[in-house]
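Analysis of the macromolecular model
Here's the letter readout for the chains.
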Amino acid sequence: MSDDRILEFGSAKAGPGEKGTGFVKVGELSDGSPVNMPVIILNGKNPGPKLLIVALEDGDEYPGALGGLDACNNVLPDMLDKMNGSVLFLPAVMIDSFRGNPYGGGTRNSALDIDQGARPRSPGNPYGKYGQQLGYKVHQVEKEYDPDAIVKFHGCKQMYGIDVIWCWSAPPGSAHDNYWRSGITDPDKMIILGHSAEDRARRGLPPLPDRPLTMNLESNGGEGGIGNGFSGDSMRDSLLNVMRHLKMIPGEEIKSKNIRYVNYIGGVGPGGKMHSAGIQTTRGGFFTPLVDIMDPVKEGQTIGLVKNFFGEVVEEIKSPIDGFCKSYYCEAPHIGSGQWRVFALAKVIEVR
Ligand SMILES: [Zn+2]
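So, a few notes on the structure that sits alongside this text. (Residues numbered from 1 in each chain as written. Predicted model: local features only at pLDDT ≥ 70, side-chain atom pairs only at ≥ 80, totals over all residues. Heavy atoms only, no water.)

On to the sheet that holds strand β15 (residues 285-289), then. Judged by pairing direction, the sheet is antiparallel, and its four strands sit side by side in the order β18-β17-β15-β20 without closing on themselves. Of all strands in the sheet, those bounded by a partner on one side alone are β18 (313-318) and β20 (334-335). For β15 and strand β17 (residues 302-307), the ladder comprises four bridges, and the chain directions are antiparallel. Its bridge partner being in β17, Phe287 is matched across the sheet by Val306. (Pairing = 2+ DSSP bridges. Helix = DSSP H or I, 4+ residues; strand = E, 2+ residues; numbered from the N terminus.)

This is the structure we're talking about:
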């Protein structure tokens, strides 16, 4: 068939108005058995935008994958007759991390790459480590599909926190800014976390390309946090609203007001300078946060404690900024020195 509206990736294939499922081979295990990555295609009956959705680039960040699967398996198949354009969903890019140990439960990085920490980032390397080869293969799929818009689902089981859209900020009213705003359906539970346009210029980065529009959705939520833990609901709702924004599915786009645009300021880096990653501690022991998610913090305020086995405080964690608590570590009650992002703090730069 020569219909260029038939989409085919690996063993998944779908013509207009159809859903297709299958796998793309992305590697081989030591016994020669294939590493297959699942693929879901939703091909709308009518032509329109091409939306690529990517989840589990980090193998233990479940909410986005779950939200995307809910949308692509339970909501969108009933809309294919009215859908404009297509969705290509890669729900578990780091498939072997998703498998985790033989008894289940995912790991962040691939066991095939565990010592090397390579992640499947574009454009990858066809001759690199496993994660780089995977990145290359995923990039080939992306190039072939040539999407108009991308949604990347990340999230974190290690943190309590507020859901975020991670982006480079773009001028208000621009295509990128409107696209990112469409990902927020509840401004109380989500923020846009970006670097300012000036920041972008200072780093010598080129202007954002018109397409593909790209959005990184992060769910930092855990039970007790503002986010959604293992529930993918807010990610699903964001995705469906993004599709309304792109006029791919019927329905009025939810246009949220009072969205908080924040700068992401984590902790103190080399030489005591402010650093854009999380706050790490230098001591090990039991960790107690002293602030809740979204609580304001003042520069110099003690926001957490590390205590040893004997109840003695070995480290007071201080905020380096005036801002608020975006997320904190929750995977275990104890941490070692240098534990990744014991706190992530942010500062609201604009509300609109
Ligand atoms: Zn991630």
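Read on, since the account is not over.
Each pair of donors in an ideal four-coordinate tetrahedral metal site encloses 109.5 degrees, whereas pairs in an ideal six-coordinate octahedral site enclose 90 or 180 degrees. Protein-derived ligands of the zinc ion are Asp58 (OD), Glu61 (OE), Glu61 (OE) and His154 (ND1), with the metal-ligand distances lying across 2.1 to 2.5 Å. One can describe the site at the zinc ion as irregular: its four donor atoms subtend angles covering 54 to 143 degrees at the metal. Counting along the primary sequence, the residues that act as donors to the zinc ion give the motif D-x2-E-x92-H. Summarising the burial analysis for this pair, Asp58 and Glu61 share the class buried. (Donors = N, O, S within 2.8 Å, 3.2 Å for Na, K, Ca; no water. Tetrahedral: all angles 85-135°; square planar, octahedral: opposite > 155°, others 65-115°. Buried < 20%, exposed > 50% of the residue type's maximum accessible area, 1.4 Å probe, protein only.)

With that settled, the discussion passes to the pairing of strand β4 (residues 34-43). Here β4 lies mainly inside the structure; eight of its ten residues are buried. Where strand β3 (residues 18-28) meets β4, ten bridges bridge the pair, whose relative direction is antiparallel. Within β4, the position partnered with Glu28 by the bridge is Pro34. The hairpin turn running from β3 into β4, its antiparallel successor, is five residues long, and Gly32 in that turn takes a positive phi close to 90 degrees.

Along its 14 residues, helix α1 (residues 62-75) runs 19 Å from first to last C-alpha, staying within 8% of the 20 Å computed at 1.5 Å per residue. Within the sequence span of α1, burial applies to Tyr62, Pro63, Gly64, Ala65, Gly67, Gly68, Ala71 and Cys72. (Expected span 1.5 Å × (residues − 1).)

Turning to the side chain of Asn241, a few remarks are in order. Tracing the backbone shows Asn241 in helix α6 (residues 233-245). Among the polar contacts listed, one links the side chain of Asn241 to the backbone oxygen of Ser182, at a separation of 2.8 Å. Residues within four places of Asn241 in sequence aside, it is in contact with Ser182, Ile184, Thr185, Glu253 and Ile254. (Polar contact = N/O pair within 3.5 Å; in protein donor to acceptor, adjacent residues only side chain to side chain. Contact = heavy atoms within 4.5 Å.)

Taken across its seven residues, strand β19 (residues 323-329) has seven buried, putting it largely inside the fold. As paired elements, strand β8 (residues 159-161) and β19 share three bridges and run antiparallel to each other. Along β19, the bridge assignment pairs Tyr160 with Tyr328. As paired elements, strand β16 (residues 296-297) and β19 share two bridges and run antiparallel to each other. Within β19, the position partnered with Val297 by the bridge is Gly323. The pairing of β19 with strand β21 (residues 343-351) spans four bridges and is classified as antiparallel. Counterpart to Ser327 in the pairing with β21 is Ala344.

A few words now on the nonpolar core. With 63 residues, the main nonpolar core has Leu51, Val87 and Tyr179 as its most contacted residues. When residues in this core are grouped by element, the largest group, six residues, is from β4. When residues no more than four places from it in sequence are discounted, the contact partners of Leu51 are Ser86, Val87, Leu88, Tyr145, Ala149, Ile150, Val151, Tyr179, Leu239, Met243, Leu246 and Met248. Ile162, Phe324, Tyr328 and Ile335 belong to the second-largest nonpolar core, a separate cluster that totals 27 residues. (Core = buried A, V, L, I, M, F, W, Y, C linked by side-chain atoms within 4.5 Å.)

The first and last C-alpha atoms of helix α3 (residues 130-145) sit 23 Å apart over 16 residues, in line with the 22 Å expected at 1.5 Å per residue. Listed in full, the buried residues belonging to α3 are Tyr130, Gly131, Leu134, Gly135, Val138, His139, Val141, Glu142 and Tyr145.

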